[in-house]
Amino acid sequence: VIINHLYTDDQIEYVNQYIQDFINKNINPNMSDIDKIKVFHDYIVNNTSYDEEAAERIKNDKDSTSSAYTLITTNKSICSGYSDIMAIYLNTLKIPNYKIPSESHVWNLVYVNNQWLHLDLTWDDPIISNGTSTILHDYFLINTSKLHELDKKEHNFNSSIYLEAK
């Protein structure tokens, strides 16, 4: 068995400090969990962009990774980096969450207000052909019915594994 670590110890420390600095500057105890998630969601979407080159390398079966570390150091990522940074942030806030993969995509499932809801930073950070930046909330804390109404192809997951995502 060969274990390949996605993060070095230094990268883990860097990401954790980044998250803690964000929390110290932007989060207050009076905020609801949804507000805490939204402020981070919007910050990441406004300060990063989808890494089309990395996505293309993956399509061509070439080695390419994207993590929370690459997202915050390059301001570019693919879905794995977006979902990693959100999962680390949610874990820091002690908000239960999972990363849900399909064959070609990964996003977060978050437990807020006594329900499990989907959160997809990648799809809320669209690539605009004219180069402008925009932020969406179409995939922000939505139930599975709404997720599949918006997109069932890329968000097709094994519901027998992720029972919370009924």
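These numbers come from a predicted model, not from an experiment.

**Q** I would appreciate a short explanation of the pattern of salt bridges in the present structure.
**A** Inspection of the entire model under this criterion finds three salt bridges. The partner of lysine 38 in a salt bridge is aspartate 42, and the shortest N-O contact between them spans 2.8 Å. A residue pair is termed a helical-turn pair when its members lie 3 or 4 positions apart in one helix, as lysine 38 and aspartate 42 do in helix α2 (residues 33-47) at four residues. According to the relative accessible area criterion, lysine 38 is partly exposed, its value standing at 32%. Between lysine 146 and glutamate 149 there is a salt bridge, with its nearest N and O atoms 3.4 Å apart. Here the residue lysine 146 and the residue glutamate 149 both occupy positions in helix α6 (residues 144-150), the gap between them amounting to three residues, near one helical turn. What makes glutamate 149 exposed here is its relative accessible area of 60%.

Parameters and conventions
Residues numbered from 1 in each chain as written. Predicted model: local features only at pLDDT ≥ 70, side-chain atom pairs only at ≥ 80, totals over all residues. Heavy atoms only, no water. Salt bridge = Lys/Arg side-chain N within 4 Å of Asp/Glu carboxyl O. Helix = DSSP H or I, 4+ residues; strand = E, 2+ residues; numbered from the N terminus. Buried < 20%, exposed > 50% of the residue type's maximum accessible area, 1.4 Å probe, protein only.

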